Amino acid sequence: MRCSKITIKVFFDGLYVKKDEEDIGTYAFVIYRNKEKIYEEMGKVSRKEGRVTNNAAEYIALEKALRWIIERGLNDEKVIILGDSQLVIRQLNGEYKIKSENLYPLFLQIKNLLNKFKDVEISWIPREENQEADFLTKKALSLK
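Residues numbered from 1 in each chain as written. Predicted model: local features only at pLDDT ≥ 70, side-chain atom pairs only at ≥ 80, totals over all residues. Heavy atoms only, no water.

A.B. asks: If you had to explain the nonpolar core to someone new, which residues and values would you point to?
C.D. replies: The biggest cluster of nonpolar side chains holds 32 residues, and the ones touching the most others in it are Val 10, Phe 12, Tyr 59, Leu 66, Ile 69, Ile 81 and Leu 92. Breaking this core down by element, the ones donating at least two residues are β1 (7-19), β2 (22-33), α1 (54-71), β4 (78-83), α2 (86-92) and α3 (104-114). Considering every element that reaches this core, the biggest residue donor is α1, with 10 residues. Residues in contact with Val 10, not counting those within four places in the same chain, are Val 30, Ile 31, Ala 65, Ile 69, Val 79, Ile 80, Ile 81 and Leu 82. Membership of the second largest hydrophobic core comes to 9 residues, among which are Ala 28, Val 30, Ile 80 and Leu 82. (Core = buried A, V, L, I, M, F, W, Y, C linked by side-chain atoms within 4.5 Å. Buried < 20%, exposed > 50% of the residue type's maximum accessible area, 1.4 Å probe, protein only. Helix = DSSP H or I, 4+ residues; strand = E, 2+ residues; numbered from the N terminus. Contact = heavy atoms within 4.5 Å.)

Spelled out as structure tokens, the structure:
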């Protein structure tokens, strides 16, 4: 009998729009365990989380996803993080420096959370492969 290794896949996305003179950010993430979706979440980015930007919303989405995984004790499993923001992925992989003062605290939070994972991989994917999270960020715009 062959034992298959469990893999957690996290798809995350963030969105920023200016609507009626208001800055609105949304986040979303979808988590799969092997091929089964086990959780999805979307929401608006709060001003208390910093200046609203697309990249900040991306980081907030990933932070919320990582916290969800840790709270459920799934961080001992292989975790693959997938996002369509080249900037965020390359910053997390150390290929780009963080020049924005707004993003640096979010980056540090993510790095601290990642230290709690045994086996984690962070990869960029094209937007077409991140449609589920992308759809949820747009849907979150209608939340109160």
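Additional details are given in the paragraphs that follow.
A.B. asks: Any details on the sheet that holds β1? Residues and values, ideally.
C.D. replies: Strand order in the open sheet formed by 5 strands is β3-β2-β1-β4-β5, and the pairing between neighbours is mixed. The open sheet is flanked by β3 (36-44) and β5 (119-124), the only strands paired with a single partner. On average, adjacent strands in this sheet sit at an angle of 15° to one another, irrespective of strand direction. Where β1 meets β2, 12 bridges bridge the pair, whose relative direction is antiparallel. Considered in β2, the bridge of Val 17 is made with Ile 24. (Pairing = 2+ DSSP bridges. Axes fitted to C-alpha atoms, helices over the stretch in contact; angles between N-to-C directions.)

A.B. asks: Requested: an account of the pairing of β2, with residues and values cited.
C.D. replies: Residues in a regular strand point their side chains to alternate faces of the sheet. Within β2, 9 of the 12 residues are buried, which leaves the element mostly enclosed by the surrounding structure. Linking two consecutive strands that pair antiparallel, namely β1 and β2, is a turn of 2 residues; a positive phi of about 50° is found at Asp 20 within it. Judged from the 8 bridges that link them, β2 and β3 form a sheet pairing that is antiparallel. Residue pairing in the sheet places Tyr 27 in a bridge with Gly 43 of β3. Here β2 folds back onto β3, and the loop between the two strands holds 2 residues, one of which, Asn 34, carries a positive phi near 55°.

A.B. asks: Can you explain the environment of Gln 131? Please cite residues and give values.
C.D. replies: Mapped onto the elements of the fold, Gln 131 is located in helix α4 (residues 131-139). On the accessibility criterion, Gln 131 (52% relative accessible area) is exposed. As a C-alpha pair, Gln 131 and Pro 105 span 26 residues in sequence and 28 Å in three-dimensional space.

A.B. asks: Describe α3, listing the residues and the values that go with them.
C.D. replies: Owing to its 3.6 residues per turn, the α-helix brings residues three or four apart onto one side. Of all the residues in α3, the buried ones are Leu 106, Phe 107, Ile 110, Leu 113 and Leu 114. Projection of α3 onto a plane perpendicular to its axis shows the buried side chains occupying an angular sector of 125°, all on one side. Where α3 is buried, its residues contact α1, β4, α2 and β5. (Arc of directions from axis to C-beta.)

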